[in-house]
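# Topology and contacts: notes
The chain contents come next:
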Amino acid sequence: MEREFTKAELLKLYDAHVAHNYKPFSGFIGRSGKGSWVQDVSGKKYLDMLSSYSALSFGHAHPRILRALIEQACRLPNLPGAFYSEEKMIFSYELARFCGMEMSLIMNTGAEAVETALKLARKWAYKKKKIKRDRAEIIVCGGNFHGRTITIVSFSTEPQYKNNFGPHTPGFKVVPFGDVQALKDAITPNTAAFLVEPIQGEGGINVPPVGYLRACRKVCTENNVLLMADEIQTGLARTGKMFACNYEDVKPDVLILGKALGGGFMPVSAVVGSRELLMTIKPADHGSTFGGNPLGCHVARESLRVLVDEHLVDRAFNLGRDFMNDLKDMRSPCVKEVRGRGLMIGVVIKEGGPNAHKLSQRLVRNGMLCKEARTDVIRLAPPLTITREELHWGLELLKKALL
Ligand SMILES: Cc1ncc(COP(=O)(O)O)c(C=O)c1O
């Protein structure tokens, strides 16, 4: 039998052998999880109020999704895109229908899906909009977060994400988030697409002004520019609507999904849109060994069913509204603002108040997984399956830290 490593030994292994692209809190080393709870190697239980930035929207090891995973793992876990796969065919159809669209292109991680959308926008620009070769521009927002590839960090406005990773990919313009006029002004005949998060997650849970998305939709339509909504974090019930764009009845041309789509088990992401648009990508233009693998597709199909069967949109809406009110009612002297939608919540710490990173670490020490976004926001995004009692438990911990 494999021997058990001590906490000290594991930390030593981390130091010596794990690339340091993260700096985790040293008091917690995760071992197992069920529902809204995670247990560390010493047996201590933690309430997961981060749910892997929405990837664990169904909680840890959701029993129905776990069953689907095992079922497909035993049947046919993998098959390359070069062959027809029953699961990929059915999932692509079901996902497109779920989104009110026509076609899906399945990938694995969020960044891959964003890259796919960018390629799609450029191909569409050259083939349909007839923009001259290599002139296509894509507009993005300041404070964006769309992933970590070279191209995506090329248009990040966060210096650490991009410095030392140049030369950067050209062809992107940055406009302030929430500013429709800036978008209008930035559009030229060479503009292919506008890529936007309906609520910025990593950027600090930034909710744009009411009417912003609808106005962006109008500007994009008037200028024959694709509206591409990155709903990797906001999508699939997180904000209390199935998609955050639904708050303004906006239908983007391209919907980018990830995180929760994999049910907390598999990296599954997708680009969903019209047939006309997705058909601009021809065989061999794009691909991925694992993208659309039967295991991921089967898990994602069950995840979409659980989303509906367990009424997670309504749960996120109602629990989020009440929890946000509870946080506001706390009247903490160090909280400047509580913002967000549904169960995507940011607690903004006042200038001169306690450090958000240290506060998050204190909360972890006390039994609650959470993390800061940027320097002054504590981000709360529990599983959508969380109970009122569990949320109340979390609230008490937050009170202890913030009052
Ligand atoms: C809005 C958004 N887009 C893209 C990504 C990148 O996803 P991944 O980490 O799966 O590549 C993230 C991850 O946090 C995200 O929040």
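Since the model is a prediction, treat every value here as computed from it, not as a measurement.

What follows is about helix H8 (residues 212-222). Buried within H8 we find Tyr-212, Leu-213, Cys-216, Arg-217, Val-219 and Cys-220. Residues of H8 that are buried in the fold lie against strand S5 (137-141), helix H7 (180-186), strand S7 (191-196) and strand S8 (226-230). Directly beyond the C-terminal end of H8, a positive phi value near 55° is found at Asn-224.

Mapping Arg-301 onto the fold places it in helix H10 (residues 294-309). A distance of 3.0 Å separates a polar atom in the side chain of Arg-301 from a polar atom in the side chain of Glu-87.

Aromatic ring pairs are reported here in terms of the distance separating the ring centres and the angle at which the planes meet. Applying the stated criterion across every chain yields a total of five aromatic pairs. With a centroid separation of 5.1 Å and an interplanar angle of 70°, the aromatic rings of Trp-37 and Trp-393 are classed as edge-to-face. Highlighted residues: Trp-37 in strand S2 (residues 37-40) and Trp-393 in helix H13 (residues 388-402), separated in sequence by 356 residues. The exposure class assigned to Trp-37 is buried, which follows from its relative accessible area of 18%. The interplanar angle of 75° and the centroid separation of 5.6 Å between the aromatic rings of Phe-177 and Tyr-212 together place this pair among those described as edge-to-face. A residue pair is termed long-range when its members are at least 10 positions apart, and Phe-177 in the loop between strand S6 (172-175) and H7 and Tyr-212 in helix H8 qualify at 35 residues. There is no split in this pair, since Phe-177 and Tyr-212 are both buried.

Glancing now at the domain arrangement of the protein. The domains assigned to the protein are domain 1 (7-61 + 311-402) and domain 2 (63-309). Relative placement of domain 1 and domain 2: their C-alpha centres are 26 Å apart. Contacts between the two partners involve 30 residues from domain 1 and, on the opposite side, 35 residues from domain 2. Taking both partners together, domain 1 and domain 2 bury about 2800 Å²; carbon and sulfur atoms supply 60% of that area. At the surface where domain 1 touches domain 2, the tally comes to two salt bridges. The closest approach of N and O atoms between Arg-374 and Glu-158, which form a salt bridge, is 3.4 Å. Inspection of the region where domain 1 meets domain 2 yields 17 residue pairs in polar contact (both at pLDDT 80 or more). Among the elements of the structure, helix H11 (312-329), strand S11 (335-341), strand S12 (344-349) and strand S15 (377-380) are those that each provide at least two residues to the side of domain 1 that touches domain 2. Counting residues per element, the side of domain 1 that touches domain 2 draws most heavily on H11, at four residues.

Another point: a positive patch on the surface. Together, Lys-127, Lys-128, Lys-130 and Lys-282 make up a positively charged patch on the protein surface. With respect to the helices and strands, the residue Lys-282 is situated in the loop between helix H9 (275-278) and H10.

Its volume calculated, the second largest pocket comes out at about 900 Å³. What lines the second largest pocket is a set of 26 residues, and nearest its centre among them are Gly-81, Lys-88, Ser-104, Leu-105 and His-286. Taken together, the elements giving at least two residues each to the lining of the second largest pocket come down to helix H3 (86-98) and strand S4 (103-107). For the lining of the second largest pocket, a count of residues per class yields 14 nonpolar, nine polar and three charged.

Right, let's talk about the side chain of Ser-92 for a bit. Following the sequence through the fold, Ser-92 ends up in helix H3. Sequence-distant contacts of Ser-92, that is, excluding residues within four places in its chain, are made with Ser-104 and Ile-106.

A few words now on empty space enclosed by the protein. Summed over all chains, the structure comprises two cavities of 30 Å³ or more. Forming the walls of the largest cavity are Pro-198, Ile-199, Pro-208, Pro-209, Leu-213, Ala-244, Tyr-247, Glu-248 and Arg-341. Of the residues assigned to the lining of the largest cavity, the class counts are seven nonpolar, no polar and two charged. The computed volume of the second largest cavity comes to approximately 30 Å³. Asn-144, Phe-145, His-146, Gly-147, Ile-152, Val-153, Ser-156 and Tyr-161 together form the lining of the second largest cavity. Grouping the constituent residues of the lining of the second largest cavity by class yields four nonpolar, four polar and no charged.

It is worth spelling out the site of the ligand at this point. If you check the shell around the ligand, you find Thr-109, Gly-110, Ala-111, Phe-145, His-146, Gly-147, Glu-197, Glu-202, Asp-230, Ile-232, Gln-233 and Lys-259 and nothing else. For the ligand, a nitrogen atom lies 3.5 Å from a polar atom in the backbone of Phe-145. Between the ligand and the protein, one listed contact pairs an oxygen atom with a side-chain N or O atom of Lys-259 at 2.7 Å. Relative to its free-state accessible area of 390 Å², the ligand is covered by the protein chains to the extent of 81%. A breakdown of the residues in the shell around the ligand according to their chemical character gives three nonpolar, five polar and four charged.

We now examine the pairing of strand S10 (residues 269-273). Of all five residues in S10, five are buried; the element is thus mostly enclosed. Every second residue of S10 is oriented toward a common face, with Ser-269, Val-271 and Gly-273 on one face and Ala-270 and Val-272 on the other, all of them buried. In the sheet, S4 pairs with S10 via five bridges, with the strands oriented antiparallel. Looking at the pairing, Ser-104 lines up with Val-272 of S10. Pairing geometry for strand S9 (residues 254-257) and S10, over four bridges, is antiparallel. Bridging across to S10, Val-254 finds its partner in Gly-273.

This part covers the pairing of strand S3 (residues 45-48). Sheet faces and side chains relate simply in a regular strand, where the side chains alternate between the two faces. Strand direction decides the pairing type here: S2 and S3, joined by three bridges, are antiparallel. Among the inter-strand pairings, Val-38 is bridged to a residue of S3, identified as Tyr-46. Two successive antiparallel strands, S2 and S3, enclose a turn made up of four residues, where Gly-43 displays a positive phi of approximately 95°. As paired strands, S3 and strand S13 (residues 368-369) are joined by two bridges and run parallel to one another. Across the sheet, residue Leu-47 finds its bridge partner in S13, namely Met-368.

Conventions used here
Residues numbered from 1 in each chain as written. Predicted model: local features only at pLDDT ≥ 70, side-chain atom pairs only at ≥ 80, totals over all residues. Heavy atoms only, no water. Buried < 20%, exposed > 50% of the residue type's maximum accessible area, 1.4 Å probe, protein only. Helix = DSSP H or I, 4+ residues; strand = E, 2+ residues; numbered from the N terminus. Contact = heavy atoms within 4.5 Å. Polar contact = N/O pair within 3.5 Å; in protein donor to acceptor, adjacent residues only side chain to side chain. Phe/Tyr/Trp six-rings, centres within 6.5 Å; stacked < 30°, edge-to-face > 60°. Domains from an automatic or database assignment. Buried area = accessible area lost by both parts, 1.4 Å probe. Salt bridge = Lys/Arg side-chain N within 4 Å of Asp/Glu carboxyl O. Patch = residues over 30% accessible without salt bridge, like charges linked within 9 Å, V, L, I, M, F, W, Y side chains within 5 Å. Areas by Shrake-Rupley, 256 points an atom, 1.4 Å probe, with all protein chains shown as cover. Lys, Arg positive; Asp, Glu negative; His and termini not counted. Charge placed at Lys NZ, Arg CZ, Asp CG, Glu CD. 1 Å grid on protein atoms, 1.4 Å probe; cavity = no way out; pocket = protein on both sides within 12 Å on 5 of 7 lines; lining within 4 Å. Points joined across faces, edges and corners; volume = space filled by probe spheres on them. Nonpolar A, V, L, I, M, F, W, Y, C, P; charged D, E, K, R; others polar. Near = heavy atom within 4 Å. Pairing = 2+ DSSP bridges.

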